[in-house]
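Residues per chain are reported as follows:
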Amino acid sequence: MLRRVHTPNRSQTPSRPFGIIRRELDQRTSVISIEGELDLVTAPRMKWMLIDALEAGHEELVVDLSLATFMDSTALGVLIGVNQRLGVDTRMAIACPRSNVLKIFELSGLDGMFMICPTVDEALAYTRGHTARAG
């Protein structure tokens, strides 16, 4: 079952495009893909997308930052908050191949708090209980 859930971009100007899509790969797995800048204005949309996935019973979450061009501390705070809400059987991984986005995790010292993988496939392998290599 593959279902896309898309939230329209009403709060951004055309010069700062932002998109967020939730793909439900099955009844347990969601991939939340971010495109554009994750900041004070856009981070709440990611938060509610992740919380909606958890409330829908998805226990395998992947945050795909492959197309994210920027991430600030607000977005990092959202990820920390969602990570703290995870149940015992829930796993979340972040796919982040971009060094400029990965840098905020490293500079904050929180890169060890999350499973960060270079690809969505590796993040999915981790959330599904297979061995994945962190990036």
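Above this text is the structure in question.
Described in the following lines is the structure provided in the data block. Counting starts from 1 at the beginning of each chain's written sequence and moves along it residue by residue. Two thresholds apply to this predicted model, a pLDDT of at least 70 for residue-level local features and 80 or more for giving and counting side-chain atom pairs, whereas whole-chain, interface and lining totals are computed over all residues. The side-chain numbers reported here are obtained from all heavy atoms of the structure, hydrogens and water having been left aside.

**Details of the packing of helix H1 (residues 43-55) against helix H2 (residues 73-85)**
Right, so step 1: One can describe the packing of H1 onto H2 by two numbers: an axis separation of 9 Å at closest approach and a directional angle of 15°. Taken together, the axis directions place H1 and H2 in an arrangement best described as roughly parallel. The two elements H1 and H2 meet at a crossing, and its hand is right-handed. Listed contacts from H2 to Ala43, Met46, Lys47, Leu50, Ile51, Leu54 and Glu55 of H1 are Thr74, Ala75, Val78, Leu79, Val82 and Arg85.
Right, so step 2: In the scheme used here, Gly and all other residues not listed as nonpolar or charged are polar, with Ala, Val, Leu, Ile, Met, Phe, Trp, Tyr, Cys and Pro taken as nonpolar and Asp, Glu, Lys and Arg as charged. In terms of residue class, the contact of H1 with H2 is made up of 9 nonpolar, 1 polar and 3 charged. Throughout, an axis means a line fitted to C-alpha atoms (over the contacting stretch in the case of helices), and angles, computed between N-to-C directions, take values from 0 to 180 degrees. Helix and strand assignments come from DSSP, with helices taken as H or I runs of at least 4 residues and strands as E runs of at least 2, each series counted from the N terminus. Orientation categories follow fixed angle ranges, with anything under 35 degrees roughly parallel, anything over 145 roughly antiparallel, 65 to 115 roughly perpendicular, and all other angles oblique. If you view the pair so one helix is near and one far, a crossing is left-handed when the near helix is turned anticlockwise from the far one by less than a right angle, and right-handed when it is turned clockwise. Residues are treated as being in contact if the distance between any of their heavy atoms lies within 4.5 Å.

**What to know about the pairing of strand E3 (residues 29-38)**
Right, so step 1: With 8 of 10 residues buried, E3 is to be regarded as a mostly interior element.
Right, so step 2: For strand E2 (residues 18-24) and E3, the ladder comprises 7 bridges, and the chain directions are antiparallel. Along E3, the bridge assignment pairs isoleucine 20 with isoleucine 34.
Right, so step 3: Pairing between two strands requires that DSSP report at least two bridges joining them. The loop that links E2 with its antiparallel partner E3 comprises 4 residues.
Right, so step 4: Where E3 lies against strand E4 (residues 60-71), 9 bridges are found, and the strand directions are parallel. Considered in E4, the bridge of leucine 38 is made with methionine 71.
Right, so step 5: Seen with its strands pointing away from the viewer, a crossover is right-handed when the path leading from the first strand over the helix to the second is clockwise. Of the crossover connections in this fold, the one passing from E3 over H1 to the parallel E4 is right-handed. Each residue is assigned to one of three classes by its accessible area relative to the maximum for its type, calculated with a 1.4 Å probe on protein chains only: buried under 20%, partly exposed between the two thresholds, exposed over 50%.

**Describing the packing of aromatic side chains**
Right, so step 1: Pairing of aromatic rings covers Phe, Tyr and Trp, the last through its six-membered ring, and needs centres within 6.5 Å; plane angles under 30 degrees mean stacked, over 60 mean edge-to-face, and all others mean tilted. Enumeration according to the criterion identifies 1 aromatic pair in this entry.
Right, so step 2: Seen from their ring centres, phenylalanine 105 and phenylalanine 114 are 5.7 Å apart, and the 75° between their planes marks the pair as edge-to-face. Phenylalanine 114 matches phenylalanine 105 in its accessibility class, with the two residues each being buried.
Right, so step 3: Taking the ring centre of tyrosine 126 as reference, the NZ or CZ of arginine 91 above it sits at 4.2 Å. Only when the NZ atom of a Lys or the CZ atom of an Arg is both within 6 Å of the ring centre and within 35 degrees of the ring normal do we say a charge sits over the ring.

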